[in-house]
Amino acid sequence: YQRRVHGGADVLHIVHFILSPGGLKDTGKLTDEDCLASLLAGMIHDFDHPGLNNNFHVKVQSYLATLYNDRSILENHHCAEVFDMMKNPKFNILHSLNDGQRKDVRETMIEMVLSTDMGLHAKIFGTWKRRIGQDHDLHKRKDDQRLALSMAIKMADISNCGRPEFLYLKWGTKLSEEFFLQGDNERNRGDPVSPFMDRFAPSMAKSQIAFMNYIVIPMFESISEYLPPMHFSVDHCESNKSYWASNDDSL
């Protein structure tokens, strides 16, 4: 799920939607470099994802956890692997840019990908809410533009909740299976199975309702305040949340 369709194409597609039909490119007065960085960030944000989350890596003290000091482990890994690969001229998609452009694109890509660490969600979302609570003139400062781009990729990363029900359920099933595979791994190791990852005690309804109530809907509503064309995603979230009221898989 993470590194195939979702990681390589889906998030790229949704970031593009937010930039163009969603209005972020025009509202945020983004440069060509900003847009290029955004699309590349969407494309690589889960590159070489092992299918095991940050908490698992910390718990088992994997090599990656040690390498990145338990902080945004996978997100750092995704960026590092891609930029290391780009040292090979055959894969250096930024070769035609000048030094200043390359630095700008790289910095934006890294900030966007690191923002997808859900462990940082409260901090990043809190910063966003405080900033747009002041005004919507995010185009005046580079840091504010990058904050808006970080919110765009965060929205894209969990966008399945804001899609029509038939698509939402397809994506949800794929994600649940990846969670269950991590739970299987934990069980086989003799470790406690992480919440919502036990295939023998399904709780997708409970987890999805909580996720939408506390993470998805507040964030989508706030982004839609800045980008009104994106408000349809909130309506889909509410509809998808109501689905679970009559389809509780924990009963």
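Model, not experiment: these values are computed from the prediction. Residue numbers restart at each chain and count upward from 1, following the sequence in its written direction. Local features in a predicted model are, by the rule used here, given only for residues with pLDDT of at least 70; side-chain atom pairs are given and counted only at 80 or more, and totals for whole chains, interfaces and linings are based on all residues. Just so you know, side-chain values use all the structure's heavy atoms and leave hydrogens and water out.

Comments concerning the layout of surface pockets
Thought 1: For each structure, a 1 Å grid was placed over the protein atoms alone; sets of points admitting a 1.4 Å probe that cannot get out are labelled cavities, open sets with protein on both sides within 12 Å along at least five of seven lines are labelled pockets, and lining residues have an atom within 4 Å of a point. Grid points are joined across faces, edges and corners, and a volume is the space filled by probe spheres set on the points. For the largest pocket, the calculated volume is near 1200 Å³.
Thought 2: Lining the largest pocket are 44 residues, and of these Asn53, Met118, Phe179, Met197 and Phe211 sit closest to its centre.
Thought 3: Of all the elements, helix H10 (residues 165-189) adds the most residues to the lining of the largest pocket, at 7 residues.
Thought 4: Within this model, the second largest pocket holds a volume of roughly 310 Å³.
Thought 5: Lining the second largest pocket are 13 residues, with Glu111, Ile124, Thr127, Leu147 and Ser150 positioned closest to its centre.
Thought 6: Counting from the N terminus, the helices are the DSSP runs of H or I reaching at least four residues and the strands are the DSSP runs of E reaching at least two. Mapped onto the lining of the second largest pocket, the elements with two or more residues apiece are helix H7 (99-114), helix H8 (121-134) and helix H9 (142-157).

With respect to a nonpolar patch on the surface
Thought 1: Taken together, the side chains of Phe47, Met85 and Phe91 present a nonpolar region at the surface, about 250 Å² in accessible area.
Thought 2: Here Phe91 shows up in the loop between helix H6 (73-85) and H7. Candidates for patches are residues over 30% relative accessible area with no salt bridge; among them, like charges are joined within 9 Å and nonpolar side chains (Val, Leu, Ile, Met, Phe, Trp, Tyr) within 5 Å. Accessible surface is estimated by sampling points in the Shrake-Rupley manner with a 1.4 Å probe; for residues, cover comes only from the protein chains shown. We define a salt bridge as a contact between a side-chain nitrogen of Lys or Arg and a carboxyl oxygen of Asp or Glu at a distance within 4 Å.

Considerations on empty space enclosed by the protein
Thought 1: Enumeration over the complete set of coordinates arrives at 1 cavity of 30 Å³ or more.
Thought 2: Empty space within the largest cavity amounts to approximately 50 Å³.
Thought 3: Every residue along the wall of the largest cavity is listed here: Ile18, Leu24, Trp128, Ala148, Met151, Ala152, Ile223, Tyr226 and Leu227.
Thought 4: Elements with a contribution of two residues or more to the lining of the largest cavity: H9 and helix H11 (204-226).
Thought 5: Classification used: nonpolar for Ala, Val, Leu, Ile, Met, Phe, Trp, Tyr, Cys and Pro, charged for Asp, Glu, Lys and Arg, polar for all others including Gly. A breakdown of the residues in the lining of the largest cavity according to their chemical character gives 9 nonpolar, no polar and no charged.

Observations regarding the packing of aromatic side chains
Thought 1: Stacked, tilted and edge-to-face pairs are distinguished by plane angle, under 30 degrees for stacked and over 60 for edge-to-face with tilted covering the rest, among Phe, Tyr and Trp rings (Trp via its six-membered ring) whose centres lie within 6.5 Å. Enumeration according to the criterion identifies 3 aromatic pairs in this entry.
Thought 2: Both rings, one in Trp128 and one in Tyr226, keep their centres 5.6 Å apart while their planes meet at 85°; by these two values the pair is edge-to-face. Highlighted residues: Trp128 in helix H8 and Tyr226 in helix H11, separated in sequence by 98 residues. Like Trp128, the residue Tyr226 is buried in the burial classification.
Thought 3: With a centroid separation of 4.9 Å and an interplanar angle of 85°, the aromatic rings of Tyr243 and Trp244 are classed as edge-to-face.
Thought 4: The rule for a charge over a ring is simple: NZ of Lys or CZ of Arg within 6 Å of the ring centre, and within 35 degrees of the ring normal. Lying over the aromatic face of Phe83, Arg106 brings its terminal NZ or CZ to 4.6 Å of the ring centre. Residue exposure (1.4 Å probe, protein chains only): buried if accessible area is under 20% of the type maximum, exposed if over 50%, otherwise partly exposed.

Looking at the pattern of salt bridges
Thought 1: A complete count under the given rule lists 20 salt bridges for this structure.
Thought 2: The salt bridge partner of Arg102 is Asp99, with a shortest N-O separation of 2.3 Å. With Arg102 and Asp99 both in helix H7 and 3 residues apart, the pair spans about one turn of that helix.
Thought 3: The exposure class assigned to Arg102 is partly exposed, which follows from its relative accessible area of 28%.

Section: H6
Thought 1: Here the expected length of a helix is defined as 1.5 Å per residue gap, with one fewer gap than residues. Relative to the 18 Å expected for 13 residues at 1.5 Å per residue, H6 spans 18 Å between its end C-alpha atoms, a close match to the ideal helical length.
Thought 2: Among the residues of H6, Ile73, Leu74, Glu75, His77, His78, Cys79, Val82 and Phe83 are the ones counted as buried.

A word on the environment of Leu12
Thought 1: Positionally, Leu12 belongs in helix H1 (residues 5-19).
Thought 2: The spacing of Leu12 and His45 is 33 residues in sequence and 9.0 Å in space, taken between C-alpha atoms.
Thought 3: Look past the residues within four positions of Leu12 in its chain and what remains in contact with it is Leu39, Gly42 and Met43. We call two residues in contact when some of their heavy atoms are within 4.5 Å.

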